[in-house]
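Observations on the model geometry
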Amino acid sequence: MKRSLGSFAVGALLAVPFLLVGAGAAWSAEPIHIALSAPLTGNFAEYGQLFQKAIDLGVEWINAAGGVKGRPIVIEVGDSRADPKEAAALAQKFTSDNRIVAEIGDFSSTACLAAQPIYDRAGMVQLSPTASHPNFAPGSPWSFGIVGTQAGEGPFMARYAVQKLGKKRLAVLYINNDWGIVSKDLFIKAAKEMGADTVAVESYFETDKDFTGVLTKLRGQKPELLYIPSFYNEAALINKQREKLGWTDVTMMGPGSLYSPKLLEIGGDSVNGLYTSAAFFPKDPRPEVQKFVKGFEAKYKSTPNTFAAVAYDSINLLAFVIGRVGTDRKAIRDEMAKVRDFQGVTGNITFTERRDVVKEYRPLIIKNGEFTLYDK
């Protein structure tokens, strides 16, 4: 199943008469409606907006190439604000709309888990680009995740810290939600198995803005490395406040959730030297990656990151599956579970029995205000 966009989009001149008679002509068949649940406003709006931009680009290209067997894709968008209650309400709305055949979203594992029982009861595919909680995909036969899980990334980051960087005294400051807790636990467990000591563990809530007290407490334990399972907005504040405290002799590290241009923009010089990871890197020379990067840059005047890339892969994957089996909700689910070796811009997508994927991560470091590969 190593298929490109052309695998599910029928040749434009043969399949789409409207292209021959003018852009104003109607499609020959009804649209295919796919839902998007994402935080378009609120604390995680940057992530949701990247989802929407990448999906819009993917849909634009799919429809320009003839759609899915002559049918255009239409995206029904809902703003979850990454709030579990809002995500659940959107799930009710989407599943009750008979036109909608599958859903992409949400952003956070917590929002995805809150909405999961609704998609499960209704029998609709819930494809999250970013939910990495190990319990998400196995929680329902209708749930799929393509970003990889913390069961893979946590040990990768621990190896990065302990074996690549040689750090033995670690501390952790994590966001207190489902994803943050499991990220913290898996990192600590793997680091311990490698002989490192976690000398301090602290948490914070999404609404917290002042980290001075907790950073002072962590500093007192004299860790060599501080691991922060968080998102770019809190991570930027943590680093700026750490720098203001004069705590400059600690190595900073966090999972791929930190890989965002916004971290650089908000964090400024304070995030230089921070280590993270990515399953997607825009300088990857693969043709499918460069097509996406150049198209995204041309359309939005910015470079896509992992969050845009996994959303782009999500819409292309759904279009591929629908092209094979049609729009019956159960048929889509059954075919999704069979996907093997789908070549996305974030790498190979092969669903395990748990309906998640095993990702390969690349180590990154921020140097001179830019994410670069760490190749030592």
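This section reports on the structure supplied with the text. (Residues numbered from 1 in each chain as written. Predicted model: local features only at pLDDT ≥ 70, side-chain atom pairs only at ≥ 80, totals over all residues. Heavy atoms only, no water.)

1. A few points about the pattern of salt bridges
- On inspection of all chains with the given rule, the structure shows 15 salt bridges.
- Where Asp 185 meets Lys 184, a salt bridge forms, and the shortest distance between an N and an O atom there is 2.8 Å.
- The exposure class assigned to Lys 184 is buried, which follows from its relative accessible area of 13%. (Salt bridge = Lys/Arg side-chain N within 4 Å of Asp/Glu carboxyl O. Buried < 20%, exposed > 50% of the residue type's maximum accessible area, 1.4 Å probe, protein only.)

2. Let's talk about the side chain of Asn 63
- Inspection of the secondary structure assignment puts Asn 63 in helix α3 (residues 45-64).
- Take Asn 63: its relative accessible area is 15%, and that puts it in the buried class.
- In terms of polar contacts, Asn 63 uses its side chain to reach the backbone amide nitrogen of Ile 73, at 2.9 Å. (Helix = DSSP H or I, 4+ residues; strand = E, 2+ residues; numbered from the N terminus. Polar contact = N/O pair within 3.5 Å; in protein donor to acceptor, adjacent residues only side chain to side chain.)

3. With respect to empty space enclosed by the protein
- A complete count under the given rule lists 2 cavities of 30 Å³ or more for this structure.
- Computed from the structure, the largest cavity encloses a volume of approximately 260 Å³.
- Around the largest cavity, the lining is made up of 23 residues, and of these Thr 130, Val 147, Glu 153, Ser 257 and Phe 307 lie nearest the centre.
- Going through the elements one at a time, α5 (109-122), α6 (150-164), β10 (275-278) and α12 (306-325) are the ones with two or more residues in the lining of the largest cavity.
- Of the residues that constitute the lining of the largest cavity, the class distribution is 9 nonpolar, 13 polar and 1 charged.
- In terms of lining residues, the second largest cavity is bounded by Ala 131, Ser 132, His 133, Phe 136, Ala 137, Gly 145, Gly 148, Thr 149 and Asp 356. (1 Å grid on protein atoms, 1.4 Å probe; cavity = no way out; pocket = protein on both sides within 12 Å on 5 of 7 lines; lining within 4 Å. Points joined across faces, edges and corners; volume = space filled by probe spheres on them. Nonpolar A, V, L, I, M, F, W, Y, C, P; charged D, E, K, R; others polar.)

4. Re the sheet that holds strand β3 (residues 100-105)
- With parallel pairing, the 5 strands of this open sheet are ordered in space as β2-β1-β3-β4-β5. Every other strand in the sheet has two partners, leaving β2 (73-79) and β5 (143-145) as the edge strands with one partner each. Neighbour to neighbour, the strand axes of the sheet diverge by 25 degrees on average, direction disregarded.
- With 5 bridges connecting them, strand β1 (residues 32-38) and β3 associate as parallel partners. Counterpart to Leu 36 in the pairing with β3 is Ile 104. (Pairing = 2+ DSSP bridges. Axes fitted to C-alpha atoms, helices over the stretch in contact; angles between N-to-C directions.)

5. What to know about α12
- The end-to-end C-alpha separation of α12 is 29 Å, in line with the 28 Å expected for 20 residues at 1.5 Å each.
- Here α12 lies mainly inside the structure; 18 of its 20 residues are buried.
- Downstream of α12 by a residue or two, Gly 326 has a phi angle that is positive, lying close to 90 degrees. (Expected span 1.5 Å × (residues − 1).)

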